[in-house]
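Chains, contacts and geometry: an overview
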Amino acid sequence: LALVTRAAAWIGGVIPALSSWRVADDLVHTNWVGRWLSAIFDVGSLAIAYRIARRAFDPQVALLTLTLGTFCVLEIQLAHFYAVETVLTFFVLLTLLGAIQVAQGEGMRSYLVMGAAFGAALATKSSAFPLIIPICAAPILPLLRHFPSSFGRPSAKWLNDLLRRLLIALVAAMVVFAVSEPY
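Residues numbered from 1 in each chain as written. Predicted model: local features only at pLDDT ≥ 70, side-chain atom pairs only at ≥ 80, totals over all residues. Heavy atoms only, no water.

What follows is about the packing of aromatic side chains. Using the criterion set out here, one finds three aromatic pairs in the structure. Seen in terms of ring centroids, F41 and F90 are 5.2 Å apart; in terms of plane orientation they differ by 70°. Their pairing is edge-to-face. Taken together, the residues span a long stretch of sequence, with F41 in helix α2 (residues 30-56) and F90 in helix α5 (residues 85-103) at a distance of 49 residues. Look at F41 and you get partly exposed, because its relative accessible area is 21%. The class for F90 is buried, based on a relative accessible area of 17%. Among the aromatic side chains, those forming a connected cluster through ring pairs are F41, F90 and F91. (Phe/Tyr/Trp six-rings, centres within 6.5 Å; stacked < 30°, edge-to-face > 60°. Helix = DSSP H or I, 4+ residues; strand = E, 2+ residues; numbered from the N terminus. Buried < 20%, exposed > 50% of the residue type's maximum accessible area, 1.4 Å probe, protein only.)

Take the environment of I132 next. Considering the arrangement of structural elements, one finds I132 in helix α7 (residues 132-137). Sequence-wise, I132 and L170 are 38 residues apart; in three dimensions their C-alpha atoms are separated by 9.9 Å.

The next thing to look at is the environment of T89. Along the polypeptide, T89 turns up in helix α5. Assessed through its relative accessible area of 27%, T89 is described here as partly exposed. T89 sits 44 residues away from S45 along the chain, and the two C-alpha atoms are 6.7 Å apart. Sequence-distant contacts of T89, defined by excluding residues within four places in its chain, comprise S45 and E75. (Contact = heavy atoms within 4.5 Å.)

A word on the packing of α5 against helix α6 (residues 108-124). Contact pair α5 / α6: the axes reach a minimum separation of 8 Å and the direction vectors enclose 155°. The angle between α5 and α6 falls in the class roughly antiparallel. In this structure, α5 crosses over α6, and the sense of that crossing is left-handed. In this structure, α5 uses V87, L88, F91, V92, L94, T95, G98, A99, Q101 and V102 to contact α6, whose residues at the interface are S110, Y111, V113, M114, A117, F118, A120, A121 and T124. Residue composition of the contact of α5 with α6, by class: 14 nonpolar, five polar and no charged. (Axes fitted to C-alpha atoms, helices over the stretch in contact; angles between N-to-C directions. Parallel < 35°, antiparallel > 145°, perpendicular 65-115°, else oblique. Left-handed = near helix turned anticlockwise from the far one by under 90°. Nonpolar A, V, L, I, M, F, W, Y, C, P; charged D, E, K, R; others polar.)

So this is what it looks like as structure tokens:
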């Protein structure tokens, strides 16, 4: 937040039309920047919720998700007070979207998104740790789809590839956590 407030104050000093932004870095006006950041993360959360619903269901359900999320009073209240939950919701939904993409058999990019979003969610609030369950379950779901009557015996190559991809996601999570964690 400090970096964003300093950047906003600098922009206010450089661009005359945005001169009111010059006060963004003092303690009294920090809430102004926090509210804007919260609003941006809320809009991002709505976009991700729409994508999740569209992948899991159909466009009508995705529009219903978007509509109900738009009028959710709790998110509006949390944005007003710049609570951490709006940022956490964004990263939790992004982690779940990455897990859904992994479960649907998409490539390495999905593992990286899932891992990086998990690291950012953990850096935001440690209560995001239970996301480790869908992260570990997502790569196994395609195997269950191929063997509906029984688990079958996965090949050593498949297991090595799975562990390598999960390790890459874990490394991405650790890097983002180390960079983002303020403490």
